[in-house]
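# Structural features, examined
Given next are the chains, with one letter for each unit.
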Amino acid sequence: MKRALITGITGQDGPYLAKLLLSKGYKVFGTYRRVSTPNFWRLQHLGILNKITLIPADLSDTSSLLEAVTISDPHEIYNLAAQSFVGNSFDFPLLTTEVDASGTTRFLEIIRHYNKNIKFYQASTSELYGANVVSIQDENTQMFPNSPYAAAKLHSYHMVRIYRKSYGLFACNGILFNHESPLRGMEFVTRKITNSVAKIKLGMQKELRLGNLDAKRDWGFAPEYVNAMWLMMQQKIPDDFVIATGETHSVREFVEAAFSAAGLDWKRYVITDQKLKRPLDVHQLCGDNAKAQKVLGWKPSVTFNELVKIMVEEDLRRWQMYKDGKIVPWDAPNYPHEMDMISRNVVRDAQKENSVRKKSRLKRLLNRF
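As a starting point, this report considers the structure included with it. (Residues numbered from 1 in each chain as written. Predicted model: local features only at pLDDT ≥ 70, side-chain atom pairs only at ≥ 80, totals over all residues. Heavy atoms only, no water.)

### A short note on the pairing of strand β4 (residues 76-79)
Along a regular strand, successive side chains alternate from one face of the sheet to the other. Selection criterion: Exposure classes here rest on a 1.4 Å probe applied to the protein chains alone. A residue is buried below 20% of its type maximum, exposed above 50%, and partly exposed in between. For helices the rule is a DSSP run of H or I covering at least 4 residues; for strands it is a run of E covering at least 2, with both sets numbered from the N terminus onward. Between any two strands, at least two bridges found by DSSP are needed for them to pair.
Residues Glu76 and Tyr78 line one face of β4 and the alternating positions Ile77 and Asn79 line the opposite face, and both faces are buried. Bridging between strand β1 (residues 3-7) and β4 involves four bridges; their strand directions are parallel. When the bridges of β4 are listed, Leu5 appears paired with Ile77. Relative to strand β5 (residues 119-125), β4 runs parallel, the two being bridged by four bridges. Residue Ile77 lies in a different strand from β5, and its bridge partner there is Phe120.

Written out as structure tokens, the structure is:
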């Protein structure tokens, strides 16, 4: 029986990957961070929580990673754990670097010394391309990261390549473009949209505030993307692959499709809020999956509109069950939507205002003399 270790098994991709591997007869182990409130709702949602072995670990702690590898003794490691929210990476750049960059190197070092036969998959990202002006990106497109998150992931991308060539490790990067699902976290704009649409439809919310509606992304369906991860690990020679749909859609298009799926006119409810825009954004990302199709035999089947509809319908189902007093494993009720939560953008604006006030006071004092 094959054994696999999945880091970040409580995130969006981890449960889908675990379910796939279980269906293929794997013994699945998953790492999770010890937090004040357990976050296993996704595993419960898919009905696999009691079918995997959970191990506490943190990418910033080498000893815990070594312990996880020792306990699981895996044939394959899928490193999905990360500080994966781009917006938060501007708020916590050092933490993002420690986890998303150094964490990968810790794993590669453990494999090099513990067992070089372990196959390693690194969850890379389309955010690597950042400010690149090429209209469609593939494995050879130059990378210009536009956020601390992307910069940290670029470090991991190159470390995987270096360890593969220097030490002969089976290590590969999956350059996955945006992929969504009903298990997506509320921090991400797609899930924020579908969750808000569901609440508006049910009379539980009045408006939806968003930042940049013009940003364009290549959006796919997460369960299809984890299959591509597994296919990469079954190859004889390790390599890096772009996993994408080849289509690009704006946030505005996602909004239109989501409200349409609920029979609503988005223009009546959506408000653009400048405070929600990132300090530095990526305007457009679109991936070329030709290599994945040729080598892996992988291509997506769920369309953009189907994806949006799946997410809206699931959030509608959850909120309706919530209103009916039924218990369902899911995240939305735990998010403090009505609380006044200060972001770095707000702090920066306040600092500017303070600076203007100080200059004004100084000018008034000088005018007295």
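### Concerning the sheet that holds strand β3 (residues 53-56)
In plain terms, the rule: An axis is simply a line fitted to the C-alpha atoms; with a helix, the fit covers only the stretch in contact. Between two such axes, the angle follows the N-to-C directions and lies from 0 to 180 degrees. Here, residues are in contact when the closest pair of their heavy atoms is within 4.5 Å.
Spatially, β3-β2-β1-β4-β5-β6-β11 is the arrangement adopted by the seven strands of the open sheet, whose pairing is parallel. Both outer strands of the open sheet, β3 and β11 (241-243), are each paired with one neighbouring strand and no more. Sheet twist, expressed as the mean angle between neighbouring strand axes with direction ignored, is 20 degrees. The sheet strands contacting helix α8 (residues 222-233) are β4, β5, β6 (171-176) and β11, and the helix crosses β6 at an angle near 160 degrees.

### Quick notes on the packing of helix α1 (residues 13-23) against α8
To be explicit about the condition: Oblique is the label for any angle not under 35 degrees, not over 145, and not in the 65 to 115 range, which are roughly parallel, roughly antiparallel and roughly perpendicular in turn. Note on convention: the crossing is left-handed when the near helix lies turned anticlockwise from the far helix by less than a right angle, right-handed when the turn is clockwise. Ten residues, namely Ala, Val, Leu, Ile, Met, Phe, Trp, Tyr, Cys and Pro, are considered nonpolar, four, namely Asp, Glu, Lys and Arg, are considered charged, and the remaining ones, Gly among them, are considered polar.
Across the interface, α1 lies against α8 with an axial gap of 9 Å and an inter-helix angle of 60 degrees. On the basis of the axis angle, α1 is oblique to α8. Between α1 and α8 the crossing geometry is right-handed. In contact with Asp13, Tyr16, Leu17, Leu20 and Leu21 of α1, α8 contributes Ala222, Pro223, Val226, Asn227, Met229 and Trp230. Taken together, the residues that form the contact of α1 with α8 break down as nine nonpolar, one polar and one charged.

Functional significance is not addressed by these values, which are geometric in nature.
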